[in-house]
Structure formats: C-alpha cells, structure tokens
Amino acid sequence: RDMLEGTESDMFKMDSLTFPFAFAVLAYMLKSFRLLLIPTINIMCTIVTAFTLMYPVAANMDVIAVCPSIMMSCSLAFSIDYSLFLLSRYREEVMAGVPVRVAVEVMVDCAGHTIFVSGLTIAVCWFGMMAFPVSLLSTSGLGSGTAVLVTLLVNITLTPTMLLTFEDFFSKFYPEGLCNFKFCRKARQEDEGYSNLVRQTSAHSLASPFQEAVGRRASSVMTSTSRLLSSDNTCGQLLDSDMVDLNNLGNGKIDPNEEIEFLRTTTVWYNFAERCFGTKIRALIAVLICCGAILPLTPYAVAFHHSENFKLFSPRGSESAKASDLLADKFGGGRIAPYNLLIRANDTTNVLSNQFFEHVQGVIQTVLLNLDYSKTVDAVHGSGIEAPMYVNGHNVSLFPSGDMEKHLSVAECFVEKLEDVIAVCANDHCGEQVEKCENDKVCSRGFHCAENCEGDVECTALCFASIRDTDFRTLELAFCVTEHCLPRPFYLKHKQYFSQTTISQNVGHDLPTEHDKTRPDCTSVLLQFAQQIKFVKEPHIHVSKFSWMSINLNIAPFSAEGSEWLEKVRDAFGAQSQKDGYEYFLGGGDVAGHDMVQKVFDVFPVVAGGILTAVALICAFTFRSVIVPLRAVFTICLTLIFIYGTGVLVYEHHILDWTHFSGFSNPGGSALAWLTAAMIFPISVGLSLDYDIFLLTRVFEYRRGGFNDHDSILCGLSQTGSVITAAGLVMAVAFSGLILSSNPTLNQMAWFLVGCVLVDTFVVRTIAVPAMMILLQDYNWWPSKIPVLDY
C-alpha cells in the first residue's frame with residue numbers, strides 16, 4: 001500500500017510540475033499561445049480514449065495499479081512532443097508565406113510522417129514488454145503502448161482538422177494583448193518582418209545579406225511547395241530528385257545554395273555542425289571522441305546486478321520501511337520474510353519415527369548450517385530454524401534415545417504435560433474421542449499404558465512405539481488433542497499451565513548465549529510438533545508423509561546475498577534429494593519474487609533482441625536502406641551503454657554518495673532494482689530512436705530534394721536542432737522530477753531516463769549520428785541510389 005500510494009503521489013507531482021514547464025517551452029518554440037490550445041485538446045482526447053480502450057482489458061485481466069499513472073505520463077509527454085514536431089513545421093511553412101492549407105499538407109506529409117514512424121517504433125518498444133511473463137511489466141507495456149498509439153492517432157488527425165477548421169484563428173500568431181513579454185514582442189516583430197520579406201518581389205532590393213538570404217529562401221519555398229504538393233507525393237517525395245529538373249533548377253525548386261546560405265546565416269546549428277564535423281576528418285574525430293567517452297563504460301553496463309530488495313520499492317520514511325528496518329535490526333533480516341521448507345519422506349520412512357527426525361537433523365546440519373556460502377556472514381543460525389526435530393538450535397527426538405541430557409524428546413514432553421493437557425483441554429474439546437478410546441481395547445490399552453507409566457519416559461516411549469496407523473481410535477484422540485490443545489490459541493488461554501518460556505522468546509539471537517545452550521522447554525517442543533507435523537482426517541486419521549520447518553535467515557532474503565543463498569541452497573536440496581529419495585520444497589521468503597525476476601531476465605535477451613530487430617526493420621522499410629538501421633542500432637547501443645554504465649557506477653559503486661543526496665543513494669546495497677534494469681531498456685530504445693528518426697527524416701527530405709549527403713546532413717541538423725533540443729529538455733525535466741521521489745526505484749529510473757534523454761539530445765543525436773553519416777556519405781542509403789543536383 002505504501003509503495004502504491006507513494007508511487008502514484010510522486011508521479012502526480014511530476015506531471016503537475018512538468019506540464020507548466022512543457023507548455024512554456026512549447027509556447028516559446030511556437031511563439032503562439034493560440035496554437036497551445038491544440039495540444040491541450042489533444043491531451044484530453046488522448047487520455048479519455050486511451051483509458052476507455054484499457055477499461056475492458058482491466059475488467060478481464062489483472063492490471064498493475066501503477067499502470068494508469070504511467071499511461072497518464074506517456075499521454076502528456078508524447079502529446080507535447082508530437083505537437084511540437086507538427087506545429088513547429090506548420091508555423092515554419094506559414095511564416096515562409098505558404099498558404100495555410102498547403103502548410104497543413106506539408107505538416108502532415110513531413111512532420112506527420114516523422115511522428116508516425118516514431119510513434120509506431122515507440123509503441124513496438126512498449127508492446128515488447130508484454131513478452132515479459134510478469135503482469136507488472138506486461139500490463140504496463142500494454143497500457144503505455146496503447147497510450148502512445150492513441151496519442152499518435154489523435155495528433156495526426158485532430159491537429160490538422162483544427163488547423164483547417166479554424167484557419168484564420170490559428171494562422172495568426174501572437175494576437176495583441178495575449179503576450180506582452182519582451183521576448184513575445186521581439187518575436188512578433190521578427191515574424192512580421194519575415195512575412196514582409198516574403199512579399200518582396202525582388203530579393204536584390206533587400207538591404208543586408210541576412211535579409212537577402214531570407215527573401216530568396218522564403219520565395220523559393222513558397223513557389224516550390226505550392227507547386228509540388230499538387231501531386232500525391234509523400235514528404236520524402238516533396239523535394240524528390242525524380243521530379244527535379246536538373247537543367248532548370250530555378251523553376252519552382254529550392255536552390256541548395258540559397259538554402260545553405262539561409263541556414264548558415266540564420267541558425268547557430270549550421271555553423272556548429274560545420275565546425276564539429278563539417279569535414280570527414282572532423283567527423284572522424286567527433287565519432288572517436290563520442291565512442292571513446294562512452295564505450296569504456298561497457299564493462300559496467302553489461303555486468304549490472306539486479307535485486308528484489310524490499311527497501312528498493314518501499315518509500316523512504318514510510319511505516320512499512322520503518323517496521324521492516326526495526327524488525328530486521330532486532331530479530332535479523334530473515335524475520336521480514338521467513339522461508340518454509342516442506343519435506344516429504346520417502347516411501348520407507350515413517351514421519352513419526354526417530355529415523356525421520358534424525359535424518360532431517362542431519363539435513364539441517366549439512367545443507368542449511370554448513371552450506372558452502374561465499375559470504376563472510378553466516379546466512380542461517382541454529383536459532384533461526386524452527387522444526388519439530390530442531391528447536392532453538394537443539395536436536396529433538398520423537399522418542400527418548402541417546403543422551404537424555406542433550407536430546408529432549410516429544411514423547412517425554414507429552415508425558416510431562418499430559419496431565420495438564422487432559423485436565424484442561426481434552427475433556428472440554430475431545431470428550432467424544434476420550435469416550436471412544438476407553439471403549440476401544442487397543443486405544444484404551446495405550447491410553448492407560450501411558451497413565452500407568454507414572455511419568456517414566458522409557459515406559460511411555462514403549463507405549464507410543466506400540467501405536468500404529470491402524471490404531472484408529474488412538475490416532476483420532478491424538479489428532480483431537482493435537483488440534484485443540486497444543487496450538488498457540490490454547491496456550492495463550494491456559495498459559496498458567498505452561499510456566500516455561502516459549503520458543504518465540506528464545507529466538508533471534510545472533511550468537512548462542514549460555515541460556516541457549518540449555519535444553520529447549522517442553523512447551524516449545526510440543527508447539528513445534530503440533531504445528532509442523534501434518535495429520536490427515538480422510539479416509540481415516542493418520543500422519544501424512546509431510547513435515548515442514550521455518551527458516552529465518554540472518555541476512556535480508558531480498559538482498560543480493562539472500563538471492564545467492566537461495567540459489568545455492570536449492571542446489572544443495574536438489575543434490576540431497578538425489579541421495580535420500582526425500583522431496584524438499586522451499587517456499588516463502590524471496591522464492592516467488594526471485595523466480596519471477598529470474599524468469600524476466602531469462603527472457604530479457606530475447607525481448608531486447610526482438611525490440612532491436614523490430615525497430616531496425618521499421619527503419620529499413622521507412623528509409624529503404626540497410627545501413628540506416630545498422631547505424632541506428634549502434635547509436636542506440638551507445639545510449640544504452642552510457643545509461644547502464646553510469647547507473648551501475650552511481651547505484652552499485654556509489655560514486656555519488658559524497659553528495660549525501662537521497663536520490664543517488666541505494667538502500668538496497670550494491671544492485672539495481674530489478675524493475676529498473678528490465679523496464680528501462682525498451683523505454684530507452686524508443687526515446688533514442690524518436691529523435692533519431694526526426695533528424696533522419698529531415699535529412700532524407702533534403703537528400704531526395706537533390707542535396708548532396710554533406711549538405712543534407714548539415715541542413716537537416718540545422719532545421720531540427722532547436723526543436724529536438726526543446727523536446728529533449730521537456731522530457732528531461734519531466735523525468736527529473738522522479739529523482740526527488742521517496743521511492744528508490746523511481747530515483748534510479750529518473751537517473752536512467754534523464755541520462756538517456758540528455759545524452760541522446762546533446763551527444764548522440766547532435767554529434768555522433770550526423771558525424772557517422774558524414775563518414776558514410778552515399779552508403780547511408782545503400783542499396784538505394786539517389787541522384788544529386790549539380791550546384
């Protein structure tokens with residue numbers, strides 16, 4: 001409950017803080033508060049539609065409780081992201097003097113194509129999580145993938161509909177009185193100046209080189225766009241070289257030289273690109289620097305550890321965290337989640353025999369207490385094992401045998417307490433069974449045999465030894481007394497008859513004390529026997545082949561050390577089963593969680609490979625190239641290496657502990673939260689490819705327009721640089737809110753996601769991708785061959 005409420009609260013706070021910032025960035029990039037109405041409407045439609053589609057799914061299958069919060073975050077983030085891509089292209093075309101309807105067509109053909117490929121890719125990544133055999137991941141993937149697809153469909157249909165329906169309203173930027181800030185007035189003046197330049201009939205009459213470049217480029221864009229969009233061509237064919245008149249460049253086409261001059265004069269991104277990777281030598285140096293900075297993190301990235309530690313998922317300072325810490329401190333880490341070992345004897349062994357008791361005692365010693373465990377701290381102490389034949393670190397036999405000073409027996413304790421049990425309990429709860437026993441010769445003989453022994457242990461043992469499974473009345477009475485008289489409720493009700501301390505008061509010591517070296521009390525022995533030896537009523541009362549014991553580790557079951565112990569003890573019990581024919585079933589503790597996480601990471605390579613293959617095929621089909629998907633996978637791997645490598649350094653090697661900031665600490669020890677390690681991969685692949693596709697689509701647009709590879713790359717980066725940077729900042733701020741969460745798992749996710757967005761926005765997409773494309777030149781589009789204009 002604490003984890004659920006804390007997670008939902010943190011994600012609500014994150015969305016509340018992010019939404020205003022994202023809209024502020026969107027307003028600055030679009031320079032129009034009117035256009036902000038469109039993403040607002042889109043977000044509302046997306047949320048309503050996505051949650052409506054998920055309702056029947058949730059009604060028919062279990063959906064993790066945090067899935068709605070994740071869906072909400074996806075709807076907000078990607079709606080703003082896609083609105084930025086679409087509306088920035090729309091504004092660019094309108095400001096270039098293109099008619100509104102044509103500008104909307106260009107927006108849908110170009111930016112719409114981009115977000116379609118991006119949305120499809122991200123949805124594939126999210127839906128890929130459904131391959132994980134855990135509802136926490138599969139339902140999150142289903143819900144988030146649905147939200148992304150709905151976001152895509154809403155933006156690609158509703159946005160152009162609103163722009164065309166309210167053409168005059170949305171084509172007028174910065175209405176008077178709506179924005180009077182300094183940057184708004186300045187932007188309005190620039191926009192008016194830009195529009196006036198478009199109306200100039202002669203570019204040569206302009207006063208400055210900047211105005212000259214703007215005028216030539218704007219006039220060219222207006223002419224070429226209006227003419228070329230009369231055919232049914234996609235954005236990739238808007239400036240298709242097949243349509244370019246190589247002998248008549250000026251007839252309605254963007255002049256590459258004018259476009260380059262315009263971008264060189266008006267944007268900082270073109271000049272940045274020229275300086276960083278404008279030549280092959282510079283590009284090679286840029287690639288080597290990027291790879292040299294990231295690839296050394298590979299050993300850390302591929303060697304991450306994952307943990308199911310409860311502390312990683314429990315909010316700091318919550319009641320559950322405080323309770324678990326106090327319990328672990330006072331009674332050992334294993335008290336949080338004790339293990340239960342179910343033992344089934346082989347066909348030749350009777351559970352009610354010294355043979356069974358002694359055999360299990362040997363198993364306890366060899367498998368549990370003497371386990372070859374690599375850690376310096378013993379995982380199990382004798383005081384942490386509660387079993388019928390092993391109480392408080394001491395062996396207990398069923399019947400008296402050996403040195404009585406060292407080995408207490410169940411029979412001895414039963415005789416000692418028999419009078420109290422019969423006097424207080426048997427006559428109240430088992431009167432019918434007592435009467436039947438007195439009328440049965442075998443049962444009566446055994447019953448009176450024990451009475452006539454007058455407390456002599458050896459005599460009583462012989463009486464018990466004569467009892468067989470066929471002695472129905474005797475076992476019926478024994479079962480009734482065991483069921484009603486020995487469990488804790490009876491003990492608590494009649495504790496005046498049990499003056500000695502109980503087992504619950506004797507456990508939890510890290511080291512044996514002098515008191516622990518004494519024999520366990522009879523109350524403890526009888527309670528363990530009554531609770532952990534199974535009696536069966538049907539078809540007749542008899543003792544089953546099963547017994548069980550409780551194991552309280554001295555270490556935290558959910559820690560990395562606890563996981564290692566679990567794997568080793570399972571192997572040890574498997575080997576023991578081969579020797580003695582017994583069956584050992586280990587449950588409780590971290591068994592279910594460990595098996596779940598192990599299954600997740602067993603399929604993790606398959607899921608990762610499937611996602612990378614799917615996105616590679618999407619890229620290959622979109623850009624009709626073999627090299628593009630290979631290069632994309634390589635740059636995605638650079639991002640993954642960076643975030644996993646730095647994540648391991650921060651949360652496993654604790655390199656930022658000196659900051660004393662809780663968001664960089666790891667209460668789970670030296671391992672990542674398993675949910676973070678598994679969930680981040682598909683999300684990061686989708687985010688990385690998102691901006692890559694946006695850049696590549698614009699480069700591809702220039703390349704098919706007849707620009708050479710070098711100029712296409714620099715122009716594409718110049719046109720997308722500010723938009724992608726703004727989108728990346730919005731995403732980074734959105735995810736950074738989680739670093740302030742009280743949940744350690746969300747802190748780790750924040751580090752990974754913010755790192756992914758920032759390194760992809762400012763390093764991989766900005767430097768590595770265009771530099772690699774500069775080096776590859778024509779091979780970028782292999783096997784396609786795209787003609788180049790002679791300019």
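Quantities reported herein were computed from a predicted structural model and do not represent experimental measurements.

(A) Region of interest: the side chain of Thr720. Position of Thr720 among the secondary structure elements: in helix α27 (residues 709-736). Since its relative accessible area comes to 0%, Thr720 is described here as buried. Within polar-contact distance, the side chain of Thr720 engages the backbone oxygen of Gly716 at 2.8 Å. For Thr720, the contacting residues outside a window of four places in its chain are Phe694, Leu695 and Arg698.

(B) Spotlight on the environment of Leu342. Looking at the element boundaries, Leu342 is found in strand β2 (residues 339-344). Measuring from C-alpha to C-alpha, the distance between Leu342 and Tyr584 comes to 5.8 Å, with 242 residues separating the pair along the chain.

(C) Here's a closer look at unusual backbone geometry. A cis amide bond, omega 10°, links Trp782 with the succeeding residue Pro783. Along the chain, the position of Pro783 falls in the segment after α28 (744-776). Here His654, not a glycine, exhibits a phi torsion of approximately 60°, which is positive. Along the polypeptide, His654 turns up in the loop between α25 (627-651) and β10 (672-673). Positive phi values are uncommon outside glycine, yet Gln777 reaches one of about 55°. Mapped onto the elements of the fold, Gln777 is located in the segment after α28.

(D) Inspection of the pairing of β2 at higher detail. By the alternation rule, side chains of β2 split into Tyr339, Leu341 and Ile343, which are all buried, and Asn340, Leu342 and Arg344, of which none is buried. Pairing of β2 with strand β9 (residues 583-588), which is carried by six bridges, proceeds in the antiparallel orientation. Bridge pairing in β9 links Arg344 to Glu583.

(E) Region of interest: helix α24 (residues 591-623). Over its 33 residues, α24 runs 48 Å from end to end, which matches the ideal 48 Å to within 8%, given 1.5 Å per residue. Of all the bends found along α24, the most pronounced is centred on Phe604 and spans about 40°, while Pro605, a proline, follows it within four residues. Immediately downstream of α24, the backbone of Arg624 shows phi near 50°, a positive value.

(F) Local environment of the packing of aromatic side chains. Under the definition given, this model contains 21 aromatic pairs. With a centroid separation of 6.0 Å and 40° between ring planes, the pair formed by Phe78 and Tyr82 is classed as tilted. Highlighted residues: Phe78 and Tyr82, both in helix α3 (residues 67-95), separated by four residues, approximately one helical turn. The residues Phe78 and Tyr82 share a single accessibility class, namely buried. A ring pair is formed by Phe85 and Phe694, whose centres lie 4.0 Å apart and whose planes are at 15°; its orientation type is stacked. Linking Phe85 in helix α3 with Phe694 in helix α26 (residues 674-704), this pair joins segments that are 609 residues apart in sequence. Accessibility assignment for this pair places Phe85 and Phe694 in one class, buried. In this structure an aromatic cluster arises from ring pairing among Phe132, Phe304, Phe601, Phe604, Tyr644, Phe681 and Phe752.

Rules behind the numbers
Residues numbered from 1 in each chain as written. Predicted model: local features only at pLDDT ≥ 70, side-chain atom pairs only at ≥ 80, totals over all residues. Heavy atoms only, no water. Helix = DSSP H or I, 4+ residues; strand = E, 2+ residues; numbered from the N terminus. Buried < 20%, exposed > 50% of the residue type's maximum accessible area, 1.4 Å probe, protein only. Polar contact = N/O pair within 3.5 Å; in protein donor to acceptor, adjacent residues only side chain to side chain. Contact = heavy atoms within 4.5 Å. Pairing = 2+ DSSP bridges. Expected span 1.5 Å × (residues − 1). Bend = angle between axes of the 7 residues up to and from the residue. Phe/Tyr/Trp six-rings, centres within 6.5 Å; stacked < 30°, edge-to-face > 60°.

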